[in-house]
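A look at the structure
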Amino acid sequence: MLQLVTNKMCPFAQKAWIALLESQQDFDLLEVNLYGPSGKPSWFMELNPSGQVPVLVKEDGTPLTESDLIVTYVNPHLELDGGEDFRAWFNG
């Protein structure tokens, strides 16, 4: 199953989250704290050394970073009313 590692306050992570919701694929949502005295967890830094969200962990365990890449990855499962391309719609 897909896993989205995110922080709900990040607009880029929100974009990936919306794309996954619209795709109607099953996924787990794991929120990571990006701020505070303890810093970013080491397991998260191993997934994405840049320390940025979102990270989509694919079924094979491979992490996919960057919201546009995540939207593209789930894009074949997306179609808006009228057949518009999701990324074109989302990016305005």
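Summary of the structure given here.

Definitions and limits used
- Residues numbered from 1 in each chain as written.
- Predicted model: local features only at pLDDT ≥ 70, side-chain atom pairs only at ≥ 80, totals over all residues.
- Heavy atoms only, no water.
- Pairing = 2+ DSSP bridges.
- Helix = DSSP H or I, 4+ residues; strand = E, 2+ residues; numbered from the N terminus.
- Axes fitted to C-alpha atoms, helices over the stretch in contact; angles between N-to-C directions.
- Buried < 20%, exposed > 50% of the residue type's maximum accessible area, 1.4 Å probe, protein only.
- Contact = heavy atoms within 4.5 Å.
- Phe/Tyr/Trp six-rings, centres within 6.5 Å; stacked < 30°, edge-to-face > 60°.

1. A short note on the sheet that holds strand β3 (residues 55-57)
The strand order across the open sheet built from four strands is β2-β1-β3-β4, with neighbouring strands paired in mixed fashion. The open sheet has two edge strands, β2 (27-31) and β4 (63-65), and neither has a second partner. Strand-to-strand, the axes of this sheet are offset by a mean angle of 20 degrees, without reference to chain direction. As paired elements, strand β1 (residues 2-6) and β2 share five bridges and run parallel to each other. Opposite V5, over in β2, you have L30 as the bridge partner.

2. Notes on the environment of A19
Note that A19 resides in helix α1 (residues 11-23). Separated by 49 residues in sequence, A19 and D68 place their C-alpha atoms 9.9 Å apart.

3. A short note on the environment of S67
Its place among the elements puts S67 in helix α3 (residues 67-74). We classify S67 as buried; its relative accessible area is 5%. S67 has contacts with F12, K15 and P54, leaving out every residue within four places of it along the chain.

4. Examining the packing of aromatic side chains
Applying the stated criterion across every chain, the model contains one aromatic pair. Residues W43 and F44 carry aromatic rings whose centres are separated by 6.1 Å and whose planes lie at 80 degrees to one another, so their mutual orientation is edge-to-face.

5. Details of the pairing of β1
Along β1, four of the five residues are buried, which leaves the element largely enclosed by surrounding structure. Bridge count for β1 against β3 is three bridges, and the pairing is antiparallel. Counterpart to Q3 in the pairing with β3 is V57.

In short, shape yes, function no, at least from these values alone.
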